[in-house]
Amino acid sequence: MAPDKKPKKDDAKKFKKMKNKTKTKIKKKKSKNVSSVPMDNRAIDSEWWDIFWRRNSPTLGSNEPSNEEEGFKIFFRVSKKTFEYICSLVREDLISRPPSGLINIEGRLLSVEKQVAIALRRLASGESQVSVGASFGVGQSTVSQVTWRFIEAMEERAKHHLKWPDSSKMDEIKSKFEAFSGLPNCCGAIDATHIIMTLPAVETSDDWCDQEKNYSMFVQGVVDNEMRFLDIVTGWPGGMPISRLLKCSGFHKLCESGERLTGKVGMPTKGEEIREYIVDGANFPLLPWLITPYEDNDLEIPMLEFNQMLEAARAAAVKAFSELKGGWRILSKVMWRPDKRKLPSIILVCCLLHNIIIDCGDNLHPDVVLSGHHDSDYIGQSCKHIDPIGRTIRENMTKHLQHCKEKASCIHNI
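Please read all numbers here as calculations on a predicted model, not as lab measurements.

Notes on the overall build of the protein
- A tally of helices and strands in the protein yields 13 helices and eight strands.
- Every one of the 414 residues in the protein was classed for burial, and the buried ones make up 47%.
- Taking the contacts inside the protein whose residues are at least 6 apart along the sequence as the reference set, 70% of them involve residues at least 24 apart.

See the structure below:
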């Protein structure tokens, strides 16, 4: 058999040209297919939940909910209606400035709904970015980018959900506190909690190492009768005393300068007046505007009764922090080497989400609230600072409450 002939030069050129044309057609066809995939991120995505539910509902095991609505709440802490509201807050930001590279396997930009779901799941579960990504079919870097972009958007768009109330709203808060605790003119309850973390060796210091030998960051919060956060302070090292944390806060400065808690109410026992105040336990100092319980041994009955009333009021703050750290588990788990400059933003957004649940008439699923105290390792520490004016105010309040009790008893016996 004769050997194959080498193609002539002209034939070779023709073959090369035809090959290039074929490649160009294939490329055009491919690009046409990609561009045909919807890229409009403004459209509301209703499919992401069905896909997520099919993939993840078996992981709930014995805690399997009775229906999808309950399942939605377990995974994301909010109802579908509240979820839609959160999406509406951040939609424009997530559309106008999407994080780079957020393309899913179908070649589309992640929808706003899916981005919000990823961020909420990361904050709610406290699971690793890899684990959260696997539950949505995205990578670790996508979870990181999406969560941080969501946090930035929420800081700006949801800040109206955490603010000090006006005088009309404050009157309502005082009335509600008095109704369930018996304390007049009480404007709120204050508490603080530790966010525990691990730090790289180069960032460790005694300031961040608290009394339990954990590295931690403080969060201080004032709440109303519905456990809504009215003021928060964070970013300070967990190794400092609570009294110093309070003194370093903007809230302390506003109260000391007479810009907050300035309302007064008459005290019928002696015609004296008492200013507005907040309450907490013995780990805070006793001040004219911050009332704490009696701690002496062998307390008289009026003092014990006053402590019971104060405890009923301060329970609002304890429960609020338990719901905050139970609902948004990223705050109750040990954080692995967080950026200490970004951590306050994460904490703030969790507080905003906590308030949004209340403002939307929503509630946490009972299974996610912490069963114990939000700061159980730190209970029992006491502040010995007692302001003389604060002491006098507390004594006057005790006498006033005792007088009210005696008066009520007399009326009852008539």
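Digging into the packing of aromatic side chains
- A full pass over the atoms with the stated rule returns 23 aromatic pairs.
- Geometrically, the ring pair formed by F76 and F136 is tilted, given 6.4 Å between the ring centres and 50 degrees between the ring planes. Of this pair, F76 sits in helix α3 (residues 68–76) while F136 sits in helix α6 (residues 129–136), and the two are 60 residues apart along the sequence. Residue F76 shares its accessibility class with F136, and that shared class is buried.
- Following the ring pairs from residue to residue traces out a cluster consisting of W48, W49, F52, W53, F72, F75, F76, F83 and F136.
- A cation over an aromatic ring shows up here: K340 above the ring of W208, its NZ or CZ 5.3 Å from the ring centre.
- Cation over ring: R394 sits above Y294, and NZ or CZ is 4.2 Å from the ring centre.

Structural notes on helix α7 (residues 140–157)
- The end-to-end C-alpha separation of α7 is 26 Å, in line with the 26 Å expected for 18 residues at 1.5 Å each.
- Among the residues making up α7, those that are buried are T142, V143, V146, T147, R149, F150, I151, A153 and M154.
- Those residues of α7 hidden inside the fold are in contact with α4 (80–96), α5 (112–125), α6 and α12 (343–359).

With respect to α6
- Taken residue by residue, α6 has V132, G133, S135 and F136 as its buried positions. End-on view of α6: buried residues confined to an arc of 160 degrees, all on one side of the axis. In this structure, α6 carries V130 and A134 as exposed residues pointing more than 90 degrees from its buried face.
- Positive backbone phi, at 75 degrees, marks G137, one or two positions downstream of α6.

A word on the pairing of strand β2 (residues 215–223)
- β2 sits mainly inside the fold: eight of its nine residues count as buried.
- Pairing analysis gives nine bridges linking strand β1 (residues 186–198) to β2, with the strands arranged antiparallel. By the bridge assignment, A189 is partnered in β2 with V223.
- Alignment of β2 against strand β3 (residues 229–237), held across six bridges, turns out to be antiparallel. By the bridge assignment for β3, V223 is matched with F229.

What to know about the nonpolar core
- Formed by 105 residues in total, the largest nonpolar core has its most connected members in F76, V116, L123, F150 and L183.
- Sort the elements by how many residues they give to this core and α12 lands first, with 10 residues.
- For F150, the residues in contact, after removing those within four places along its chain, are I86, V90, L94, V116, A119, L120, L123, V349 and L353.

Description of the packing of helix α2 (residues 48–56) against α3
- In the contact formed by α2 and α3, the axes pass within 12 Å of each other and the chain directions differ by 85 degrees. Here α2 is positioned roughly perpendicular relative to α3, judged by the angle of their axes. Here α2 contributes W48, W49, F52, W53 and N56 to the contact with α3, which in turn contributes E68, G71, F72, F75 and F76.
- Here the contact of α2 with α3 is composed, by residue class, of seven nonpolar, two polar and one charged.

Considerations on the side chain of N307
- In this fold, N307 is placed in helix α11 (residues 301–327).
- With relative accessibility at 15%, the residue N307 sits in the buried group.
- Every residue in contact with N307, bar those within four places of it in the chain, is listed here: P293, Y294 and L299.

A closer look at the environment of T398
- Along the polypeptide, T398 turns up in helix α13 (residues 388–413).
- In this structure the C-alpha to C-alpha distance between T398 and L304, which are 94 residues apart in sequence, comes to 9.6 Å.
- Every residue in contact with T398, bar those within four places of it in the chain, is listed here: Y294, P302, M303 and F306.
- In terms of polar contacts, T398 uses its side chain to reach the backbone carbonyl oxygen of R394, at 2.8 Å.

Considering the packing of α2 against α6
- Where α2 meets α6, the closest approach of the two axes is 8 Å, and the angle between their N-to-C directions is 110 degrees. Looking at the two axes, α2 sits roughly perpendicular to α6. When α2 is examined against α6, the residues W48, F52, R55 and N56 are found in contact with a partner set consisting of A134, S135 and F136.
- Of the residues in the contact of α2 with α6, the class split is four nonpolar, two polar and one charged.

A few points about the environment of A312
- Among the secondary structure elements, A312 is positioned in helix α11.
- Judged by its relative accessible area of 29%, A312 falls in the partly exposed class.
- The spatial distance from the C-alpha of A312 to the C-alpha of L183 is 9.4 Å, given a sequence separation of 129 residues.
- Every residue in contact with A312, bar those within four places of it in the chain, is listed here: F180 and S181.

Parameters and conventions
Residues numbered from 1 in each chain as written. Predicted model: local features only at pLDDT ≥ 70, side-chain atom pairs only at ≥ 80, totals over all residues. Heavy atoms only, no water. Helix = DSSP H or I, 4+ residues; strand = E, 2+ residues; numbered from the N terminus. Buried < 20%, exposed > 50% of the residue type's maximum accessible area, 1.4 Å probe, protein only. Contact = heavy atoms within 4.5 Å. Phe/Tyr/Trp six-rings, centres within 6.5 Å; stacked < 30°, edge-to-face > 60°. Lys NZ or Arg CZ within 6 Å of the ring centre and 35° of its normal. Expected span 1.5 Å × (residues − 1). Arc of directions from axis to C-beta. Pairing = 2+ DSSP bridges. Core = buried A, V, L, I, M, F, W, Y, C linked by side-chain atoms within 4.5 Å. Axes fitted to C-alpha atoms, helices over the stretch in contact; angles between N-to-C directions. Parallel < 35°, antiparallel > 145°, perpendicular 65-115°, else oblique. Nonpolar A, V, L, I, M, F, W, Y, C, P; charged D, E, K, R; others polar. Polar contact = N/O pair within 3.5 Å; in protein donor to acceptor, adjacent residues only side chain to side chain.

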